[in-house]
Structures are given as structure tokens and as C-alpha cells.
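In case you want the letters, here they are:
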Amino acid sequence: MQNIKLIVLFVISNLFVTHFIAAQESTDDAWMVKNIHNSTLLSGQSYEWLRSLTTQAPGRLAGSSAAAAAVELTRQIMDTLGFDTVYLQPCKVPHWVRGDKEIVRIINSPFVGNVTLDALSLGNSTGSGPYGVTAEVVEVFSLDTLEKMKSQIAGKIVFFNRPMDVTQLRTFSAYGGAVDQRGRGPAMAAKYGAVGAIVRSMTTSLDDVPHTGATNFQPGDKLIPALAISTKSAMLLSRELKKGRVNLYIRNTCKLLADTWSYNVVGEIKGSKFPNEIIAVGGHLDSWDIADGAHDDGAGCVQSIEVLYQLRKMSYKPLRTLRAVLFMNEENGSAGGKAYAEISNEKHEKHLLALESDSGGFTPRGIGFSADKEVFEGYFKKVNTWSNLLEPYDLMLYPSGGGSDIGPLKSQKGLLASLVPDSQRYFDYHHTRNDKLEAVNERELKLGAAAIASLVFLIDKYGL
């Protein structure tokens, strides 16, 4: 009986000690997450870095001189922050140039006469030639409709006019539901004999600001000029088509040059206990040529640098290797993300976490997660044990996340994640001339960096 009492007392005391330690760790973690937010809001440098990036290297399309300037600028920034190493990682990128100002014009309409529409060439498309192209317009609202109308397409300009669905609460879902017409629409139209393609801009706004973006011509596809027009221009063109035949004149001089070399920029703090386990955070350094690239994706780049800067500034000694990775060429090819994964796999690295910030510098609402199906359930269950630490900062955890630059790391079976900011205004700026520093709120930008740093701390401390 005495032995049984001793065993019971031993078990109870162990449970008490375990509970006490767990409570103490939770208190310590909450204190650390709070300090990360305080330090970032009080002393964060991300907005000033973003100011430098958008003023010294705007229009950072891969292959351009602005992209080369951005590589050197961000390398120098990270070189001053005391990271263990900062290095460049080569990748071969496409080199597309826009050329002269685009012209898209309704001509000789019996109702409106000649009307110029607001337009931008789509990335990776070809030009019309110096004299332009004039042809009748055919309006379609889906790729399926195009397929059904293929016998009516030859010699025409195809107008893709499916709007983003404004009833979708998550604007990225609305974007995903409309962007296929920009991505593959022009190539499909060319297959059926079209001489040009016009695409309604990918935005929920009704305005005169055209949105560029990449279109996807595969090797062997016939090339035709492809341009986006603003949503107001799309509404006007659609109204005129309801009245009868409309002819368009389009002229652009864009072209795809030979591939050239560029670089990812990587800053690293070596892990003290598990240096071969990597926690990477990143954004893409390139932007479209017509934009300063503040939200897309200068914000993600400077947030990633801020994460390592703040943890080092707080004298935090990571157990695992931390990296800030600024990827090149996400916008029209994703060469940087592919090169990063290829080099990582060759080195037999293990990314415990790869997080991408590429949804703008708005107020963070949470973090989304994905992984190989074999490991995802266990990983997501683990990160949810920290929800009580993140909820005070209005951060939710979602079973969906990742990004195009970190996607190639999925085979390493680590956790992929993405910062989820409030996206309601993102597509007002995405791929437009309005994506400027003034569109980014400094406090919101820093809150996003603090959210990422908090997750990095927790995964570094506890693993998965």
C-alpha cells in the first residue's frame, strides 16, 4: 500500500511539474511574440528599405537594368545587418521589353467614332509590327466559349471579357477564377487564327488603369500581340459590340529578347543546433516594368529582411538556419524559385519551413499552410497549438497557403506557408502604375513582418 501511495505521489508531482513547465513556456513564448511585435513596430526598417527599393530600382522586370540595380541594392542592405552570410544565386531569366506606348483604338464606329482605350501589352507577348493590326473584334467570356466559336475566330481580334467575381470575399479566389483568360487565352486564340487578343484587366475596380501581367505562349505556339485594357475600356467596348460590328486598331512593339543571367539574393543566419534544417522566408524582387513594385512584391522582400534583422537585433540565437530569400523573375517565368529549389536539392537541404509573402503589404490577417499530403496533417496540427499565441494579433491559421517561388520545395516535405494580408484593395494596385510606396501603410507593413517573425521563432524553437 505504501508503495502505491508513493507511485501516486510521484505521478502527481510529475504532472504538476510538467504542467508548470508548459505554463512557463507558454508565458515565455507570449512574451517573445509580444517583444517581436514591439521591436518591429518601434525600430523596424522595412518601410525605409522599401522606399530605397521603389525609388532607386522601380520597374524591376527580370533582365532589366532596374532588376540588376535591385539585386545590388538589396545585397548591400543585407550586408550591413550582420547576417552570417549574404550571397547571390544565379538564375537564367527571360528578357522581355515593352517598347513604345501601346495603342488600342476603336475605329470608324457609327456610334462613337474613333475612341482610344487604355491598354498595356501583356508580358512575354509579341508586337504587332510597326504599322499595327486592324481587325473585327469577337467577344468571349471563357476559354470554353472560345473553343466553341473557333470557326469564327480566324482573322479577328479576340476580346476576353470575363470580370473578376466581386461576390468572392477572398479577392485571390476571384483572381484565380478569371486569370486563365490572360494566361492561356491569347495562345488559344492564335491557334484558331486570331490576329490579336485583348483581355479585360484583372481587378475588381472599375477605372481607367490597365493591369499588365504575363501571358503564356508555349514553344511552337503562333505568336500574336496580346494586350490588357482597363475595366472602363472593357465596359465601353462591350457596349459597342452589343450595337453591332466593331473594328479595333492595335499597335505595340514589345518583344522577347534572348535569356540573360540574373540573381536571387540570399541572407542567412546559421543555426546553432540544427544548421542543416532551414527556415526560409522570402518575396520576389522583380516587378512589372510600369510599376514601382511596392506591394508586388517589394513589401514581401523587405518584410523577409526585417524578420532576420529583428531576431538578430533581439539577440535571439536560432537553433535552425534562417534565410531571407529575394527571388528573381516570379512575374514572367519563376526562374528564381526553380533555381533556388534545384540548388537546394543538389545540396540535399531540408527546408523545415518556407514562407512566401507575395500578397501585398496590407494588414496581416493570418498565415496559410500547405505541404505534401503525407506530412500536412501532422504539421498543421502542430502549428495550431500556437493559435492562442497568434490570435491576440488577429492572426488566423488557414489550411491553404504557399506560393509560386517556394512551390518547387514541396518535394522536401517541409511546411510551406504564406502571409495572408487583407486583400480587398490589393487588386487596385496589382500590376499597375499605381503600385507605389504611397500605397503601402508603414504600420501595416511592419505588422506583417512581425507576424512572420513570430511564426519563424515558434517553428525554430519547437520544430515540427
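Summarised in this report is the structure supplied together with it. On a predicted model such as this, the values are computed, not experimentally measured, just so you know. (Residues numbered from 1 in each chain as written. Predicted model: local features only at pLDDT ≥ 70, side-chain atom pairs only at ≥ 80, totals over all residues. Heavy atoms only, no water.)

Here we look at the side chain of Ser43
Next, step 1: When you line up the elements, Ser43 lands in helix α1 (residues 2-43).
Next, step 2: You can call Ser43 buried: its relative accessible area is 18%.
Next, step 3: A distance of 2.7 Å separates a polar side-chain atom of Ser43 from the backbone oxygen of Ser39.
Next, step 4: Residues within four places of Ser43 in sequence aside, it is in contact with Tyr309, Gln310 and Lys313. (Helix = DSSP H or I, 4+ residues; strand = E, 2+ residues; numbered from the N terminus. Buried < 20%, exposed > 50% of the residue type's maximum accessible area, 1.4 Å probe, protein only. Polar contact = N/O pair within 3.5 Å; in protein donor to acceptor, adjacent residues only side chain to side chain. Contact = heavy atoms within 4.5 Å.)

Details of the pattern of salt bridges
Next, step 1: Under the defined criterion, the tally for this structure stands at 21 salt bridges.
Next, step 2: Note that Glu102 is salt-bridged to Arg98, the shortest N-O span being 2.8 Å. The same class applies to Glu102 and to Arg98, which are both buried.
Next, step 3: Of the charged contacts in the structure, one is a salt bridge between Lys150 and Glu147, with a shortest N-O distance of 3.6 Å. (Salt bridge = Lys/Arg side-chain N within 4 Å of Asp/Glu carboxyl O.)

Notes on the sheet that holds strand β11 (residues 274-284)
Next, step 1: Pairing is mixed across the open sheet formed by 8 strands, whose spatial order is β1-β10-β12-β11-β13-β16-β14-β15. The open sheet has two free edges, formed respectively by β1 (85-97) and β15 (396-398), since each of these has just one partner strand. Neighbour-to-neighbour, the strand axes of the sheet open up by a mean angle of 20°, direction not taken into account.
Next, step 2: Examined bridge by bridge, strand β14 (residues 364-370) and strand β16 (residues 415-421) share 6 bridges and lie antiparallel to one another. Bridge pairing in β16 places Pro364 opposite Pro421.
Next, step 3: Contacts from helix α3 (residues 65-79) reach β1, β10 (255-269) and β12 (320-327), with the element oriented near 5° to β10.
Next, step 4: Sitting on the sheet, helix α9 (residues 294-313) touches β10, β11, β12 and β16, and the angle it makes with β11 is about 145°. (Pairing = 2+ DSSP bridges. Axes fitted to C-alpha atoms, helices over the stretch in contact; angles between N-to-C directions.)

Topic: the sheet that holds strand β9 (residues 247-251)
One key point about sheets: their strands pair by backbone hydrogen bonds, in either a parallel or an antiparallel sense.
Next, step 1: Read across the open sheet, the 8 strands follow the order β3-β2-β9-β5-β6-β7-β8-β4; overall the sheet is mixed. Edge strands, defined here as strands with exactly one partner in the open sheet, are β3 (113-117) and β4 (119-121). The mean angle between the axes of side-by-side strands here comes to 30°, regardless of whether they run parallel or antiparallel.

Comments concerning the packing of aromatic side chains
Next, step 1: Taken as a whole, this structure holds 12 aromatic pairs when the rule is applied.
Next, step 2: Among the aromatic residues, those joined into a cluster by ring pairs are Phe172, Tyr175, Tyr426 and Phe427. (Phe/Tyr/Trp six-rings, centres within 6.5 Å; stacked < 30°, edge-to-face > 60°.)

Description of the nonpolar core
Next, step 1: Counting residues in each nonpolar core, the largest one holds 71 residues, and the members touching the most others are Leu285 and Phe369.
Next, step 2: Once residues within four sequence positions are removed from consideration, Leu285 is found in contact with Leu53, Arg60, Ala70, Val71, Thr74, Val265, Cys301, Leu326, Phe327 and Met328.
Next, step 3: The next biggest cluster of nonpolar side chains, apart from the first, holds 32 residues, and it includes Leu146, Phe160, Ala174 and Tyr175. (Core = buried A, V, L, I, M, F, W, Y, C linked by side-chain atoms within 4.5 Å.)

Focus on α9
Next, step 1: For α9, built from 20 residues, the straight-helix expectation of 28 Å at 1.5 Å per residue is missed by more than 12%, its first-to-last C-alpha distance being only 25 Å.
Next, step 2: In terms of residue burial, α9 counts as a mostly covered element, since 18 of its 20 residues are buried.
Next, step 3: Just downstream of α9, Ser315 is the residue with a positive phi angle, here 65°. (Expected span 1.5 Å × (residues − 1).)

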